[in-house]
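One letter stands for each residue in the lines below.
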Amino acid sequence: MTFNLLSTNQTINLGKNSTQSLAIKREDRIHPQISGNKYRKLKYNIAQAKAEGKLTLLTFGGAYSNHISAVAAVGKESGFHTIGVIRGEELVDKVATNPTLQFAEHCGMQFKFVSREIFKFKTAESFIQKLKREFGEFYLIPEGGTNELAIKGCEEILAEADSAYDYICCSVGTGGTISGIINASKPHQTVLGFPALKGDFLREEISKFAPNLNWDLITEYHFGGYAKINTELISFMNQFKADFDIPLDPVYTGKLMFGVMDLLHQGYFPEHSKILVIHTGGLQGVSGMNAVLRKKQLPLIR
Ligand SMILES: *Cc1c(COP(=O)(O)O)cnc(C)c1O
């Protein structure tokens, strides 16, 4: 994968009454399709797949998955055939109206739609063997893309100059991205993860990959669970974009930014703290979410 890394730290003006400073690392600008942490997570996996002589990448995901979108785009760019095992049999005739699946198909991804019951076996060896009989040899990338090589890629999110920050805040799904960030952080820094979903399993997952202890999870901003949103979140995201010209996604970075701003207002961060927020991308998911919002006659993400 060869393209310019456009990721830079953009300063946000918090107003003259604030002693804290806030910057956003624009990982959403790394690549138009393979955005943010999904690029980081795939980078060394692609190199490994090539080293193993594999021609096909196979992975798993939901209907609006940033990961599915990224694997499809990487496959096209790097010359791999791609297979997406998608959760939900009913989606088989909804590809045309689902922006994520449509994009992935356009990149050449082949789909296998499975029921939610079968999808649960995505890590079972017997299911993988069955997929190999069906599709031949492939390089397997787990759902969400988290493995050792993904974490190695995420360790490159922080640059040397980022050691000037006291707090590094990021969104958490499977915990791979934050693990890389923790591994690359300095002992004087605190890494705060904002889970986009409910669940206590994350602390254990992160500890497996990241031995350092300079991190914590802020679990109050999941908005009811994975991909659950409300009008308060949507108006926050729209206002944030109007104020700072930074688009957010509804599943991860919108909740993260809402949480960081809320903690700032509550006085969570000590005076003169320097805070860095990682924009992990995910913007491809906006149009899919807007289609859902339109059906429910709720305000749209602008
Ligand atoms: C997948 C994703 C995350 C979560 O990353 P994990 O490594 O699974 O914790 C965060 N932000 C965005 C935009 C994502 O697409």
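Keep in mind it's a predicted model, so treat the numbers as computed, not measured.

Caption draft 1: Molecular detail of the domain arrangement of the protein. Assigned domains of the protein: these are domain 1 (9–32 + 157–295) and domain 2 (37–145). Taken over C-alpha atoms, the centre of domain 1 sits 26 Å from the centre of domain 2. Across the boundary between the two partners, domain 1 contributes 14 residues, which contact 13 residues of domain 2. Between domain 1 and domain 2 the total buried area reaches about 1200 Å² when both faces are included, carbon and sulfur atoms providing 48% of it. Scanning the region where domain 1 abuts domain 2 turns up 1 salt bridge. Of the charged contacts in the structure, one is a salt bridge between Glu 27 and Arg 40, with a shortest N-O distance of 2.8 Å. At the junction of domain 1 with domain 2, the criterion picks out 7 residue pairs in polar contact (both at pLDDT 80 or more).

Caption draft 2: Fine view of helix H7 (residues 176–184). The buried fraction of H7 amounts to 7 of the 9 residues, a majority that puts the element mostly inside the structure. Burial in H7 covers these residues: Gly 176, Thr 177, Ile 178, Ser 179, Gly 180, Ile 181 and Ile 182.

Caption draft 3: Fine view of the packing of aromatic side chains. With the rule as written, the count across this model stands at 12 aromatic pairs. The interplanar angle of 80 degrees and the centroid separation of 6.1 Å between the aromatic rings of Phe 60 and Phe 119 together place this pair among those described as edge-to-face. Here Phe 60, found in strand E3 (residues 56–61), pairs with Phe 119, found in helix H4 (residues 116–119); they are 59 residues apart in sequence, far enough to count as distant. Neither Phe 60 nor Phe 119 differs from the other in exposure class; each is buried. Geometrically, the ring pair formed by Phe 60 and Phe 127 is tilted, given 6.4 Å between the ring centres and 40 degrees between the ring planes. Of this pair, Phe 60 sits in strand E3 while Phe 127 sits in helix H5 (residues 125–135), and the two are 67 residues apart along the sequence. An identical accessibility class is assigned to Phe 60 and Phe 127; each is buried. Of the aromatic side chains, those joined through ring pairs into one cluster are Phe 194, Tyr 221, Phe 223, Phe 236, Phe 240, Phe 244 and Phe 258. Its end group placed over the ring of Phe 138, Lys 132 keeps NZ or CZ at 5.3 Å from the ring centre.

Caption draft 4: Fine view of the nonpolar core. Counting residues in hydrophobic clusters, the biggest one holds 34 residues, and the most contacted among them are Leu 22, Cys 169, Phe 194, Phe 240, Met 257, Val 260 and Val 277. Residue contributions to this core peak at 7 residues, all from helix H10 (residues 253–266). Look past the residues within four positions of Phe 194 in its chain and what remains in contact with it is Cys 169, Cys 170, Ser 171, Val 172, Ile 218, Tyr 221, Leu 256, Gly 259, Val 260 and Leu 263. Leu 42, Ala 70, Leu 91 and Ala 104 belong to the second largest nonpolar core, which has 26 residues in total.

Criteria and thresholds
- The numbers attached to residues start from 1 for each chain and follow its sequence in the written order.
- Totals for whole chains, interfaces and linings use all residues, but because this is a predicted model, local features are given only for residues with pLDDT of at least 70 and pairs of side-chain atoms are given and counted only at 80 or more.
- Just so you know, side-chain values use all the structure's heavy atoms and leave hydrogens and water out.
- By convention here, the domain bounds are inherited from an automatic or database domain assignment.
- Whether two residues are in contact is decided by their heavy atoms: any pair within 4.5 Å suffices.
- Summed over both partners, the accessible area lost on bringing two parts together, with a 1.4 Å probe, is the buried area.
- The working definition used for a salt bridge is a side-chain nitrogen of Lys or Arg within 4 Å of a carboxyl oxygen of Asp or Glu.
- Polar contacts here mean pairs of N or O atoms no more than 3.5 Å apart (in protein, one a potential hydrogen donor and the other a potential acceptor; neighbouring residues in sequence count only if both atoms are side-chain atoms).
- When a residue's accessible area, from a 1.4 Å probe over protein chains only, is under 20% of the maximum for its type it is buried; when over 50% it is exposed; and in between it is partly exposed.
- Numbering goes from the N terminus for both helices and strands, where a helix is a DSSP run of H or I of at least four residues and a strand is a run of E of at least two.
- Here a Phe, Tyr or Trp ring, Trp counted by its six-membered ring, pairs with any other such ring whose centre lies within 6.5 Å, and the pair is stacked when the planes are under 30 degrees apart, edge-to-face when over 60, and tilted otherwise.
- Note on geometry: a ring has a charge over it if NZ (lysine) or CZ (arginine) is within 6 Å of the ring centre and within 35 degrees of the ring normal.
- Definition of nonpolar core: a set of buried residues of the types Ala, Val, Leu, Ile, Met, Phe, Trp, Tyr and Cys, connected through side-chain atoms within 4.5 Å.

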